[in-house]
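Observations on chain architecture
So the chains spell out like this:
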Amino acid sequence: MNQSTDSTSGFQIVVISGPSGSGKTTVVSRLERESSVPLIKSISATTRPARVNEVDGQDYYFFKQEEFDRKREAGEFLEYAEVHRTGYWYGTLKSEVDRARKLNGWALLEIDVEGALNVMQQYPGAITIFLTTPSEQEFERRLRDRGTEQEEVIQRRLQTARQELKSANLYKYTVINDHLDRAVNEIQEILHHHAGEHCEHA
Ligand code: 5GP
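These numbers come from a predicted model, not from an experiment.

Brief notes about unusual backbone geometry
Glycine aside, a negative phi is what most residues show, and trans is what most peptide bonds show. We note that Asn53 has phi near 80°; this positive angle belongs to a residue other than glycine. Along the chain, Asn53 falls in the loop between strand S3 (45-46) and strand S4 (61-62). Its relative accessible area of 75% is what places Asn53 among the exposed residues. With a phi close to 60°, Asn104 is a non-glycine residue in the positive phi region. Residue placement: Asn104 occurs in the loop between helix H3 (94-102) and strand S7 (106-110). Under the relative-accessibility criterion, Asn104 is labelled exposed at 64%.

Right, dumping it as structure tokens:
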């Protein structure tokens, strides 16, 4: 059985992705605190060095490359990806999803598009949300309204935006973070809807 949609336990995997500047981190921490559905954020593993103020085992599990590789070879990751071609690897440990399940919560994964696609293949029932900024939707209009950019620049920027929107189409939901409270509420409603589905089946 697809574990993420096990209708007897009601366990779910929730995936949130979005381009930088979409306000993902803020939205995720608001959801963790306020969601009526208990959400347990999966702590990702990464090979990138910790930033100031980041705590190992809290913000990320900071692994040396060898440790990351060893866990990958041992099949300990649900998904992993080299994010933004930085040379740094990021991954979701299966043990993090199990932790959420044991706590009777839903696992919340804040991961990149490549990782999300991987999760979608393994768990088609996962609730996948692409968070985006309103400027992406209005990008072309604003670019053209400004009238200052050369056509070549406009085309290049549009291509990037299109690429991102293509990714958005792969997700079950696209939420525009035009206003923080509104975006958080919209996601809450999505989660509520899925929690309700479970109750109807129970
Ligand atoms: P940062 O280094 O700024 O904390 O994160 C960079 C990017 O890594 C973000 O876009 C975030 O979504 C992605 N990321 C964080 N954890 C994971 C993970 O476990 N798996 C994947 N595939 N991407 C992740």
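With respect to the sheet that holds S3
What the four strands build is an open sheet, ordered S4-S3-S6-S5; its pairing is mixed. Two strands bound the open sheet, and with one partner strand each, they are S4 and strand S5 (77-82). Where S5 meets strand S6 (residues 89-93), five bridges bridge the pair, whose relative direction is antiparallel. Counterpart to Glu82 in the pairing with S6 is Trp89. The strands touched by helix H2 (residues 65-73) are S3, S5 and S6; relative to S6, the strand with the most contacts, the crossing angle is about 45°. Here H3 sits on the sheet in contact with S4, S5 and S6, set at roughly 35° to S6.

A word on the site of the ligand
Around the ligand there are 16 residues in total, and Ser44, Arg48, Tyr60, Glu79 and Tyr90 lie nearest to it. Contact distances for the ligand include 2.6 Å between an oxygen atom and a side-chain N or O atom of Arg48. A distance of 3.4 Å separates an oxygen atom of the ligand from a polar atom in the side chain of Thr92. Relative to its unbound accessible surface of 510 Å², the ligand loses 87% to contact with the protein. Where the shell around the ligand is concerned, the elements lending two or more residues are S5 and S6. Considering every element that reaches the shell around the ligand, the biggest residue donor is S6, with three residues. Partitioning the shell around the ligand into residue classes produces five nonpolar, five polar and six charged.

Quick notes on the packing of aromatic side chains
Tallied over the entire structure, the rule returns eight aromatic pairs. Judged by centre distance (6.4 Å) and plane angle (20°), the ring pair of Tyr61 and Phe63 falls under stacked. For Phe63, a relative accessible area of 12% puts it in the buried group. Geometrically, the ring pair formed by Phe68 and Trp89 is tilted, given 6.5 Å between the ring centres and 45° between the ring planes. In this pair, Phe68 sits in helix H2 while Trp89 sits in strand S6, placing the two residues 21 residues apart along the sequence.

Thoughts on helix H1 (residues 24-34)
Buried within H1 are the following residues: Lys24, Val27, Val28, Arg30 and Leu31. Considered in projection along H1, the buried side chains sweep an arc of 160° and stay on one side of the axis. Residues Thr25 and Arg33 are exposed on H1 and point more than 90 degrees away from its buried face.

Quick notes on the side chain of Gln188
Along the chain, Gln188 turns up in helix H8 (residues 180-201). Of the polar contacts made by the side chain of Gln188, one reaches the backbone oxygen of Glu34; its length is 3.4 Å. Each residue touching Gln188, except ones within four places of it in the same chain, is listed here: Leu31, Glu34, Ser35 and Ser36.

Concerning the sheet that holds strand S9 (residues 173-176)
The five strands lie next to each other as S2-S7-S1-S8-S9, forming an open sheet whose pairing is parallel. Every other strand in the sheet has two partners, leaving strand S2 (39-41) and S9 as the edge strands with one partner each. Each neighbouring strand pair of the sheet contributes to a mean axis angle of 25°, computed without reference to strand direction. Bridge analysis of strand S1 (residues 13-17) against S7 gives four bridges, and the strand direction is parallel. Bridge pairing in S7 places Ile13 opposite Ala107. Contacts between H1 and the sheet are confined to S1, S2, S7 and strand S8 (127-132), with S7 contributing the most and set at about 165° to the helix. Strands S1, S2 and S7 of the sheet are contacted by H3, whose axis makes an angle of about 155° with S2.

Reading the values: rules and limits
Residues numbered from 1 in each chain as written. Predicted model: local features only at pLDDT ≥ 70, side-chain atom pairs only at ≥ 80, totals over all residues. Heavy atoms only, no water. Helix = DSSP H or I, 4+ residues; strand = E, 2+ residues; numbered from the N terminus. Buried < 20%, exposed > 50% of the residue type's maximum accessible area, 1.4 Å probe, protein only. Pairing = 2+ DSSP bridges. Contact = heavy atoms within 4.5 Å. Axes fitted to C-alpha atoms, helices over the stretch in contact; angles between N-to-C directions. Near = heavy atom within 4 Å. Polar contact = N/O pair within 3.5 Å; in protein donor to acceptor, adjacent residues only side chain to side chain. Areas by Shrake-Rupley, 256 points an atom, 1.4 Å probe, with all protein chains shown as cover. Nonpolar A, V, L, I, M, F, W, Y, C, P; charged D, E, K, R; others polar. Phe/Tyr/Trp six-rings, centres within 6.5 Å; stacked < 30°, edge-to-face > 60°. Arc of directions from axis to C-beta.

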